[in-house]
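Report on the structure
Given next are the chains, with one letter for each unit.
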Amino acid sequence: MPSFSESLTILGIETSCDDTAAAVLCGSTVLSSIVSSQDEVHSPYGGVVPELASRHHMRSILPIIDRALETANLRLEQLDGVAVTCGPGLVGSLLVGVSVAKSLAMASNLPLIGVNHLEGHLLAIQIEHVVPFPFLCLLVSGGHTSLYVARGLGDYTALGGTRDDAAGEAFDKAAKMLGLGYPGGHIIDQLAQQGNATAIRFPRAHLKNGKVGFSYSGLKTALRQFIYSQDSRQLRMEDIAASYQEAVVDMLVGPTIQAALGQGLTRIVVSGGVSANSRLRQRMREEGEKLGLQVFVPSPKLCTDNAAMIAYAGAWRLVQGQRAGFNLNAAAMLPL
Ligand code: KG4
Ligand code: ZN
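Let me begin by describing the structure that accompanies this report.

Calculation rules
- Residues numbered from 1 in each chain as written.
- Chains lettered and ligands numbered in written order.
- Predicted model: local features only at pLDDT ≥ 70, side-chain atom pairs only at ≥ 80, totals over all residues.
- Heavy atoms only, no water.
- Pairing = 2+ DSSP bridges.
- Helix = DSSP H or I, 4+ residues; strand = E, 2+ residues; numbered from the N terminus.
- Axes fitted to C-alpha atoms, helices over the stretch in contact; angles between N-to-C directions.
- Phe/Tyr/Trp six-rings, centres within 6.5 Å; stacked < 30°, edge-to-face > 60°.
- Buried < 20%, exposed > 50% of the residue type's maximum accessible area, 1.4 Å probe, protein only.
- Near = heavy atom within 4 Å.
- Polar contact = N/O pair within 3.5 Å; in protein donor to acceptor, adjacent residues only side chain to side chain.
- Areas by Shrake-Rupley, 256 points an atom, 1.4 Å probe, with all protein chains shown as cover.
- Nonpolar A, V, L, I, M, F, W, Y, C, P; charged D, E, K, R; others polar.
- Salt bridge = Lys/Arg side-chain N within 4 Å of Asp/Glu carboxyl O.
- Core = buried A, V, L, I, M, F, W, Y, C linked by side-chain atoms within 4.5 Å.
- Contact = heavy atoms within 4.5 Å.
- Donors = N, O, S within 2.8 Å, 3.2 Å for Na, K, Ca; no water.

Observations concerning the sheet that holds strand S7 (residues 145-152)
Spatially, five strands are ordered S8-S7-S6-S9-S10 in an open sheet, and the strand pairing comes out mixed. Whereas interior strands pair on both sides, the edge strands pair on one side only; in this sheet they are strand S8 (155-161) and strand S10 (294-296). Averaged over all neighbouring strand pairs, the angle between strand axes comes to 25 degrees, with direction disregarded.

In structure tokens form, the structure reads like this:
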């Protein structure tokens with residue numbers, strides 16, 4: 001574990017999408033990590049409704065922060081700083097976390113740190129394992145599917161990303177088409193465990209001429225066509241889920257391994273909500289092992305949105321003397 005943050009106790013706040021989260025981290029020890037999911041709120045719509053998300057953040061944020069502090073057995077005055085996600089994400093959702101973090105920092109005279117949500121995902125693994133730099137990171141969530149070379153803290157280079165949907169969206173939209181509910185990734189993962197991944201051969205898109213990137217629109221169209229075809233009536237939902245998941249996973253594993261080899265990197269970190277997928281975790285490890293690459297994936301609770309990763313990403317910036325002013329704003333688009 002990098003020792004930069006050993007003695008710092010940080011409150012992390014995360015409200016970039018539809019999870020309200022607060023955590024207290026001391027060094028790399030998670031003293032508390034509370035996540036309040038809004039899945040039930042958005043489920044009837046098959047996706048996140050931004051206005052509902054921000055209203056629910058407003059209701060939940062203070063009780064969630066209270067619980068995080070109580071669980072850690074600490075008062076605000078005993079902390080060293082407040083780290084908050086300031087982008088990218090839904091601007092109305094982000095504003096709730098940013099406003100509350102500013103108020104707490106101001107009232108308790110604590111330093112405030114604005115954190116890029118993507119850096120939180122990229123560094124989440126460090127809470128559990130020491131992964132030395134440099135490494136390749138596949139960041140794969142509901143909003144992002146990108147490859148980065150991480151050479152050090154704050155030193156990240158984007159190699160390429162999705163041309164259309166993120167892999168998480170590809171799971172969520174497929175689950176909606178199949179009438180399985182929201183969010184779809186976890187549901188498809190569960191069903192696929194009882195299914196046959198070779199039942200249907202869905203197409204796999206690969207970018208040409210050695211370009212690094214991903215594309216899921218063709219796969220989604222293929223699923224839609226399959227659903228309206230005669231064949232779909234003869235197949236179990238478990239087999240459809242497993243076959244679809246296998247295609248998504250193939251399209252993530254291949255380009256990631258190729259990019260690691262191309263960049264001469266021997267370590268791969270997989271992070272973001274989709275890295276909770278059991279088949280992706282298994283395949284990435286198997287394929288990496290064959291080529292002598294080390295593959296690191298956080299435990300599932302650190303893959304999906306959480307505030308422990310935000311506190312962690314804020315800690316090293318705080319140590320370096322970085323502070324956000326009270327004019328910190330939410331940014332819907334914020335590159336890493
Ligand atoms: O990182 P995250 O919690 O939020 C964003 O930053 O987007 O990722 C949420 C995404 C959703 O699309 C969800 O369906 C997907 O992660 N997801 C999964 C699994 N668990 C969550 N996808 C596949 N398999 C899973 N087990
Ligand atoms: Zn996320």
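Digging into the packing of aromatic side chains
Summed over the entire model, instances satisfying the criterion amount to four aromatic pairs. Relative to phenylalanine 135, the ring of phenylalanine 133 has its centre 5.2 Å away and its plane inclined at 15 degrees; by these criteria the two rings are stacked. On the accessibility criterion, phenylalanine 133 (25% relative accessible area) is partly exposed. Ring centres of phenylalanine 202 and phenylalanine 226 lie 5.9 Å apart, and the angle between their planes is 80 degrees; on these two criteria the pair is classed as edge-to-face. Taken together, the positions of phenylalanine 202 in the loop between helix H6 (184-192) and helix H7 (217-227) and phenylalanine 226 in helix H7 put the pair 24 residues apart, joining distant regions of the chain. With relative accessibility at 3%, the residue phenylalanine 202 sits in the buried group. Here a set of aromatic residues connected by ring pairs shows up, and it is made of Phe171, Phe202, Phe226 and Tyr244.

Concerning the site of ligand 1
Within the structure, ligand 1 sits among 18 residues, and Gly142, Asp172, Asp189, Gly273 and Asp305 are positioned closest to it. Here aspartate 305 contributes a backbone N or O atom positioned 3.0 Å from an oxygen atom of ligand 1. When isolated, ligand 1 has an accessible area of 560 Å², and the protein chains bury 88% of it. Listing elements by their share of the shell around ligand 1, those giving two or more residues are helix H4 (117-123), helix H5 (167-177) and H6. Partitioned by chemical class, the residues of the shell around ligand 1 number three nonpolar, twelve polar and three charged.

Some thoughts on the pattern of salt bridges
Applying the stated criterion across every chain yields a total of 14 salt bridges. Among the ionic pairs, glutamate 77 bridges to arginine 75, the shortest N-O distance being 3.1 Å. Grouping residues by exposure puts glutamate 77 and arginine 75 together as exposed. A salt bridge links arginine 283 to glutamate 287; the nearest nitrogen and oxygen atoms lie 3.7 Å apart.

Concerning the nonpolar core
Ranked by size, the top nonpolar core spans 45 residues in total, and within it Phe202, Tyr216, Tyr244, Leu252, Val270 and Leu280 carry the most contacts. Secondary-structure elements contributing two or more residues to this core are strand S6 (135-140), S7, H5, H6, H7, helix H8 (237-263), strand S9 (267-271) and helix H9 (278-290). Here the element with the most residues in this core is H8; it accounts for 13 residues. When residues no more than four places from it in sequence are discounted, the contact partners of tyrosine 216 are Thr145, Thr162, Asp164, Asp165, Ala166, Ala167, Ala170, Val248, Met251 and Leu252.

A closer look at the coordination of the zinc ion (ligand 2)
Protein ligation of the zinc ion (ligand 2) involves His117 (NE2), His121 (NE2) and Asp305 (OD), the donor distances falling in the range 2.0 to 2.1 Å. All donors to the zinc ion (ligand 2) come from one chain, and their sequence spacing reads H-x3-H-x183-D. Pair noted here: histidine 117 is in helix H4 and aspartate 305 is in the loop between helix H10 (300-303) and helix H11 (308-319), with a separation of 188 residues, a long-range link. Per residue, the accessibility class of histidine 117 equals that of aspartate 305, and both read buried.

Some remarks on unusual backbone geometry
Of the consecutive residues glycine 87 and proline 88, the connecting peptide bond is found in the cis state with omega at -15 degrees. Along the chain, the position of proline 88 falls in the loop between strand S4 (81-87) and helix H3 (91-108). Even without being glycine, asparagine 73 reaches a positive phi, approximately 60 degrees. Although it is not a glycine, asparagine 109 adopts a positive phi angle of roughly 55 degrees. On the secondary structure map, asparagine 109 appears in the loop between H3 and strand S5 (112-116).

Focus on the sheet that holds S4
A sheet is described by the order of its strands in space; here five strands give the open sequence S3-S2-S1-S4-S5, paired in mixed fashion. Both edges of this open sheet fall to strand S3 (29-37) and S5, since each of them pairs with a single strand only. Neighbour to neighbour, the strand axes of the sheet diverge by 20 degrees on average, direction disregarded. When strand S1 (residues 9-14) meets strand S2 (residues 19-26), the two strands line up antiparallel, connected through six bridges. Along S2, the bridge assignment pairs isoleucine 10 with leucine 25. Lying on the sheet, helix H2 (residues 50-72) is in contact with S1, S2 and S3; it crosses S2 at an angle near 25 degrees. Against the sheet, H11 touches S1, S2, S3, S4 and S5, its axis set at about 130 degrees to S1.

Concerning the pairing of S3
Where S2 meets S3, eight bridges bridge the pair, whose relative direction is antiparallel. Paired with alanine 23 across the two strands is serine 33, which belongs to S3. Connecting S2 to the antiparallel partner S3 that follows it, the hairpin turn spans two residues, and glycine 27 within it adopts a positive phi of roughly 60 degrees.

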